[in-house]
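The lines below spell out each chain.
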Amino acid sequence: MADLTFDGVIEHSNLPTARGFSLDVAFFRVPTADTPPPFDGDPPGDSVTDCHTVYKYVDLDADSIDIPGLIPFSIPRESGVYYLQLRAVLYRFHNDKHFAQAEQFFFTRLPLEISPELPSVTLPLEWPDIPLEDLGVYGTVKPKRKLPWPLTWFLR
């Protein structure tokens, strides 16, 4: 059970025009502050078991959305030493196609000791400047049929 809250903001830069953005903070608990980063700082997706969504707004019909420059968070947390990872998905539209660009940002220099004395933290997120054409493709999702109006409205 969490005995305190981990408070802070995520300050992003270099985000391109988007139709949506989701952002999660993942925690990797380690025994001591001198423990090296787990998975050499590149954890596979299935190793992420302690993850909290701090922002999610998607409107695929909009030309672009306003994403706040500072995204505040307050996450229940037990005291301890943790490495952090930001897991972000930017929903983009280019050449009449929708793209979901997923990026992970693992803070590997030092783990963070979360305690009652820890002040609010600022986590930086600098979006990589990679053209969509240069990104790897892991698959394509195509709807099988159009949903009726009421279900479409609830899924937005």
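What you see is a predicted model; the values in this text were computed from it and never measured.

*Asks:* Can you walk me through the overall build of the protein in this structure?
*Replies:* Per the secondary structure count, the protein includes one helix and seven strands. When the elements of the protein are put in sequence order from the N terminus, they spell out β-β-β-β-β-β-β-α. Within the protein, buried positions represent 35% of all 156 residues. A separation of at least 24 residues holds for 79% of the contacts in the protein among residues at least 6 apart in sequence. When the accessible surface of the protein is summed, it comes to about 10500 Å², and 53% of that surface belongs to carbon and sulfur atoms.

*Asks:* Is there a simple way to think about the nonpolar core in this case?
*Replies:* The nonpolar side chains of a soluble globular protein tend to be buried, and buried together. Formed by 27 residues in total, the largest nonpolar core has its most connected members in I10, F21 and L23. At the level of secondary structure, the elements contributing two or more residues to this core comprise β1 (4-13), β2 (20-30), β3 (51-58), β4 (70-77), β5 (80-94), β6 (97-114) and β7 (121-126). Broken down by element, the residue count for this core peaks at five residues, all from β5. The contact partners of L23, leaving out residues within four places of it in the chain, are I10, H52, T53, V54, Y55, I71, L86, R87, A88 and L125. By size, the runner-up hydrophobic cluster in this structure holds seven residues, among which are F28, V81, Y83 and F106.

*Asks:* Sorry, what's going on with the sheet that holds β1 here?
*Replies:* Sheets are built from strands that pair by backbone hydrogen bonding, the pairs being arranged parallel or antiparallel. Ordered by their spatial adjacency, three strands build an open sheet running β4-β1-β7, and the pairing between neighbours is mixed. Each end of this open sheet is capped by a strand with a single partner; those strands are β4 and β7. Here the average twist between neighbouring strands, direction ignored, is 30°. Judged from the eight bridges that link them, β1 and β4 form a sheet pairing that is antiparallel. Of the residues in β4, the one forming a bridge with D7 is S74.

*Asks:* What should I look at first to understand the sheet that holds β6 in this one?
*Replies:* The strand order across the open sheet built from four strands is β3-β2-β5-β6, with neighbouring strands paired in antiparallel fashion. Where the open sheet ends on each side, the last strands, each with one partner, are β3 and β6. Strand-to-strand twist across the sheet, computed as the mean angle between neighbouring axes with direction ignored, equals 15°. Pairing analysis gives 14 bridges linking β5 to β6, with the strands arranged antiparallel. Within the sheet, the bridge partner assigned to R92 lies in β6 and is F99.

*Asks:* Can you help me understand the packing of aromatic side chains in this one?
*Replies:* The way to describe two aromatic rings as a pair is by their centre distance and the angle between their planes. Within this structure, the stated rule accounts for nine aromatic pairs. With centroids separated by 6.1 Å and ring planes inclined at 45°, the aromatic side chains of F21 and Y55 adopt a geometry described as tilted. One end of the pair, F21, is in strand β2; the other, Y55, is in strand β3, and 34 residues separate them in sequence. Exposure class is identical for F21 and Y55. Each is buried. When the centroid spacing of 5.6 Å and the interplanar angle of 80° are considered together, the rings of F27 and Y82 count as edge-to-face.

*Asks:* Looking at this model, I keep getting lost on the environment of L86. Mind explaining?
*Replies:* Among the structural elements, L86 can be located in strand β5. For L86 and H52, which are 34 residues apart along the polypeptide, the C-alpha to C-alpha distance reads 9.8 Å. Once residues within four sequence positions are removed from consideration, L86 is found in contact with I10, L23, D24, V25, E103, Q104, F105, F107, L123, P124 and L125.

Conventions and cut-offs
Residues numbered from 1 in each chain as written. Predicted model: local features only at pLDDT ≥ 70, side-chain atom pairs only at ≥ 80, totals over all residues. Heavy atoms only, no water. Helix = DSSP H or I, 4+ residues; strand = E, 2+ residues; numbered from the N terminus. Buried < 20%, exposed > 50% of the residue type's maximum accessible area, 1.4 Å probe, protein only. Contact = heavy atoms within 4.5 Å. Areas by Shrake-Rupley, 256 points an atom, 1.4 Å probe, with all protein chains shown as cover. Core = buried A, V, L, I, M, F, W, Y, C linked by side-chain atoms within 4.5 Å. Pairing = 2+ DSSP bridges. Axes fitted to C-alpha atoms, helices over the stretch in contact; angles between N-to-C directions. Phe/Tyr/Trp six-rings, centres within 6.5 Å; stacked < 30°, edge-to-face > 60°.

The values are spatial; any link to function lies outside them.
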